[in-house]
Amino acid sequence: METFESLVDQVNSLLWDHVLIFLLCGTGIYFTIRLGFIQIRHFGSGLKALFGGMSLKGDKADKSGMSSFQAVATAIAGQVGTGNLAGPATAILAGGPGAIFWMWVSSFLGMSTIYAEAILAQKFKTKDKNGQTVGGPAYYIEQGLKCKWLACMFAVFIIFALGFIGNMVQSNAIASAFNSSLGVPNWVMGVVLAVVTGVVIVGGIRSIASFSEKVVPVMAIFYLIGAFTILAMNFNYVWPAFESIFIAAFNPQAVVGGGVGIGIQQAMRFGIARGLFANEAGMGSTPHAHAVARVIRPEQQGFIAMMGVFVVCVIVTVTALVIITSGMREWDNSGRVGESFLSIFTGQGITVTQQAYTYLFGHFGSIFISMSLFFFAFTTIIGWYYYAESNVRYLFNSASAVRVYQAIAICFIFAASLFKVELVWKMADMFNGLMVLPNLAALLLLSPIVIKLGKMAGYGSGVPDAELEAGR
């Protein structure tokens, strides 16, 4: 087992420390330039599409797909998970406050990448033998690149990365959080998660879309209210927190002190890596949701897809500000001299976020984060389940295969609550990294299609935005 874990560590180091950060950022830069900074030019169009279509009870999804808002809600459900609560803390502790600046950079670039993913998903979507609308990277790899074997590789990677291993991580995180804050036995949360997940996913696309459009907006608002309450209490530290982010992005020692040993390269590495992991742009997951959106033109879904990355960026930012301002406040009150405010935090990942809330809310802060984590991680379980199911359909084109997958997935969700999953975390990172490679290859090789449709969206065409939004 130690040999296997060592192999997984080596693969992850190669993928995430040396290959994927450059490939993902490079792809984002490429599409940003070739599409004429579409994330800026059509930011307003994206906001109109997001809030204009927002509804807690939209048209029911069926075999033909779901509404555009239901699609982006399902995508955000997959994007907003434990990484949005634990990711900023990990980035700050490892790379200093400046890492948050680089998370913003990765989000900005990721908006153009996810636009490309959504367009290709819409362009190459199809129907299976049961008349169900399906789409995603496996479909645009096979149809666009005419490369069946690479499409199958992607499908296998994402089923393991998200459907099985990834959802084990989310389930374990929920069980651990409730056990530490409320004393709920892990197996009890495992049963609850397995049952509730089964109820949602057995209903198929209609149930998943209905769940996402109702829960995602409510959970985001619930969490942001708590975060902004703390920022209001830490008001005097908000501006210094922003200053520390910008200063530490280029001169970390000016903020964290020479003894911490954080450099610019470290801030960039952890900020960009955590940002990419949080927003999932370029990873090949969210296109499954955007593919089944019922829209007139592919680029319309591209606009709203960019807003998914923006929403994630907002949640990550307020989480980071809560951590930094709470750390500064406690550091001032402690009277420490010659130490960084980061020394206030004694844990890692999600425990740091819990500490930041506990400093001001007491034990309720820990409970608040546990409840937030439940919704964040559970919606991710549903979103990731759906992505994997789409690839089960791709590989087997069989309803019975989907039922078998559902049963296995539910068993994995329950089992994950019973044990520690350090190796599972590492395996999830590995399969996540492996599934990115074929997706990025397809994005870059099929970029002429993206750019052509991008031009139809107003870039170089002279077509007014208002006419495009009206579908003329």
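Counting restarts for each chain, with residues numbered from 1 along the sequence as it is written. In keeping with the model being predicted, local features are shown solely for residues with a pLDDT of at least 70 and side-chain atom pairs are shown and tallied solely at 80 or more, while totals for entire chains, interfaces and linings include all residues. Based on all heavy atoms of the structure, the side-chain values leave hydrogens and waters out of the count.

### Regarding the overall build of the chain
A helix here means a DSSP run of H or I that spans at least four residues, while a strand means a run of E at least two residues long, and both kinds are numbered starting from the N terminus. If you tally the helices and strands in the chain, you get 21 helices and 2 strands. Per-residue accessibility, obtained with a 1.4 Å probe over protein chains only, is compared with the maximum for each type, and a residue is labelled buried under 20%, exposed over 50%, and partly exposed between these values. Here the chain, with 472 residues, has 59% of them falling under the buried criterion. In what follows, a contact means two residues having at least one pair of non-hydrogen atoms within 4.5 Å. In the chain, once contacts between residues fewer than 6 apart in sequence are set aside, the share between residues at least 24 apart is 83%. Surface exposure here means Shrake-Rupley accessible area, sampled with a 1.4 Å probe, where a residue is shielded only by the protein chains that are shown. Looking at the chain as shown, the accessible area adds up to about 17900 Å², and 67% of this sits on carbon and sulfur atoms.

### Let's talk about the packing of aromatic side chains
Think of it this way: a Phe, Tyr or Trp ring, Trp meaning its six-membered ring, pairs with another when their centres are within 6.5 Å, and the plane angle makes it stacked under 30 degrees, edge-to-face over 60, tilted otherwise. With the rule as written, the count across this model stands at 29 aromatic pairs. Here the aromatic rings of Tyr-139 and Tyr-394 are separated by 5.0 Å at their centres, their planes lie at 75°, and the arrangement is edge-to-face. Taken together, the positions of Tyr-139 in helix α7 (residues 137-145) and Tyr-394 in helix α17 (residues 363-396) put the pair 255 residues apart, joining distant regions of the chain. Given the relative accessible area of 9%, Tyr-139 is considered buried. Relative to Phe-368, the ring of Phe-364 lies with its centre 6.3 Å away and its plane at 45°, an arrangement referred to as tilted. Of this pair, Phe-364 and Phe-368 are both found in helix α17, 4 residues apart, which corresponds to roughly one turn of the helix. Joined through ring pairs, the aromatic side chains of Phe-157, Phe-160, Phe-164, Tyr-385, Tyr-405, Phe-412 and Phe-431 make up one cluster.

### Re empty space enclosed by the protein
It is the rolling of a water-molecule-sized probe over the atoms that shows where space remains empty. Cavities and pockets are found on a 1 Å grid laid over the protein atoms alone: a cavity is a set of points where a 1.4 Å probe fits but cannot escape, a pocket is an open set with protein on both sides within 12 Å along at least five of seven lines, and a lining residue has an atom within 4 Å of such a point. Grid points are joined across faces, edges and corners, and a volume is the space filled by probe spheres set on the points. One pass over the full model with this rule turns up 3 cavities of 30 Å³ or more. Around the largest cavity, the lining comprises 19 residues; the ones closest to its centre are Thr-82, Gly-83, Gln-170, Phe-277 and Trp-384. Secondary structure elements with two or more residues in the lining of the largest cavity: α4 (68-79), α5 (82-95), α8 (148-182), α13 (264-279), α17 and α19 (422-445). A total of 4 residues in the lining of the largest cavity trace back to one element, the largest contributor, which is α8. The volume enclosed by the second largest cavity comes to roughly 50 Å³. Elements with a minimum of two residues in the lining of the second largest cavity: β2 (133-134) and α17.

### Things to note about the packing of helix α9 (residues 186-202) against helix α10 (residues 204-233)
Each packed pair of helices is defined by two parameters, the angle between the axes and the distance between the axes. The angle between two axes is taken between their N-to-C directions and runs from 0 to 180 degrees, where each axis is a line fitted to C-alpha atoms and a helix contributes only its stretch in contact. Running from N to C, α9 and α10 cross one another at 115°; their axes reach a closest spacing of 6 Å. Contacts from Val-199, Val-200, Ile-201 and Val-202 in α9 reach Gly-204, Ser-207, Ile-208 and Phe-211 in α10. As a working rule, the residues Ala, Val, Leu, Ile, Met, Phe, Trp, Tyr, Cys and Pro are called nonpolar, Asp, Glu, Lys and Arg charged, and the rest polar, with Gly in that last group. When grouped by side-chain class, the residues that make up the contact of α9 with α10 number 6 nonpolar, 2 polar and no charged.

### With respect to the side chain of Ser-107
Relative to the elements of secondary structure, Ser-107 occurs in helix α6 (residues 98-123). Ser-107 sits in the buried class, given a relative accessible area of 7%. Once residues within four sequence positions are removed from consideration, Ser-107 is found in contact with Asn-279, Val-309 and Cys-313.

### A few points about the nonpolar core
Formed by 157 residues in total, the largest nonpolar core has its most connected members in Tyr-140, Ile-174 and Tyr-223. In this structure Ile-174 touches Met-189, Leu-193, Leu-373, Phe-374, Ala-377, Phe-378 and Ile-381, once residues within four positions along its chain are discounted. Within this scheme, the nonpolar core is defined by two criteria: the residues are buried Ala, Val, Leu, Ile, Met, Phe, Trp, Tyr or Cys, and they are joined through side-chain atoms within 4.5 Å.

### Here we look at the pattern of salt bridges
Within this document, salt bridges are pairs made up of a side-chain nitrogen of Lys or Arg and a carboxyl oxygen of Asp or Glu, the two lying within 4 Å of each other. As enumerated under the stated definition, the model contains 3 salt bridges in all. Between Glu-142 and Lys-148 there is a salt bridge whose closest N-O contact spans 3.7 Å. The exposure class assigned to Glu-142 is partly exposed, which follows from its relative accessible area of 27%. In this structure, the salt-bridge partner of Arg-297 is Glu-299, at a minimum N-O distance of 2.6 Å. On the basis of relative accessible area, Arg-297 is assigned to the buried category, the value being 15%.

### As for the packing of α9 against α17
For the pair α9 and α17, the least separation of the axes is 11 Å and the interaxial angle reads 45°. As judged from the angle between their axes, α9 and α17 are oblique. α17 is crossed by α9, and the crossing has right-handed handedness. Where α9 abuts α17, its residues Met-189, Leu-193, Val-196, Thr-197, Val-200 and Ile-201 lie against Phe-374, Phe-378, Ile-381, Ile-382 and Tyr-385. Taken together, the residues that form the contact of α9 with α17 break down as 10 nonpolar, 1 polar and no charged. If an angle is under 35 degrees, it is roughly parallel; if it is over 145, roughly antiparallel; if it lies from 65 to 115, roughly perpendicular; otherwise it is oblique. What makes a crossing left-handed is the near helix being turned counterclockwise from the far one by less than a right angle; a clockwise turn instead makes it right-handed.

### What to know about the environment of Tyr-394
Tyr-394 sits in the buried class, given a relative accessible area of 9%. In this structure the C-alpha to C-alpha distance between Tyr-394 and Gly-136, which are 258 residues apart in sequence, comes to 9.5 Å. Apart from residues lying up to four places away in sequence, Tyr-394 is in contact with Ala-138, Tyr-139, Glu-142, Lys-148, Ala-151, Cys-152 and Ala-155.

### Digging into α17
Over its 34 residues, α17 extends 49 Å from the first C-alpha to the last, a length consistent with the 50 Å expected when each residue adds 1.5 Å. The buried fraction of α17 amounts to 27 of the 34 residues, a majority that puts the element mostly inside the structure. To estimate the expected span of a helix, count its residues, drop one, and scale the result by 1.5 Å.

### Re a nonpolar patch on the surface
A surface patch of nonpolar side chains, amounting to about 710 Å² of accessible area, comprises Trp-187, Val-191, Val-192, Val-195, Val-196, Val-199, Leu-418 and Phe-419. Here Leu-418 is to be found in the loop between α18 (399-416) and α19. Patches were defined on residues exceeding 30% relative accessible area and lacking a salt bridge, with like-charge contacts within 9 Å and nonpolar side-chain contacts (Val, Leu, Ile, Met, Phe, Trp, Tyr) within 5 Å.

### Some details on the confidence of the model for the chain
Put simply, the chain has an average pLDDT of 82, and 88% of its residues get 70 or more. As a per-residue quantity, pLDDT reports the predictor's confidence and falls between 0 and 100. Low pLDDT (under 50) marks residues 459-472, which in the prediction has 25 contacts with non-local residues, meaning those over four places away or in another chain.

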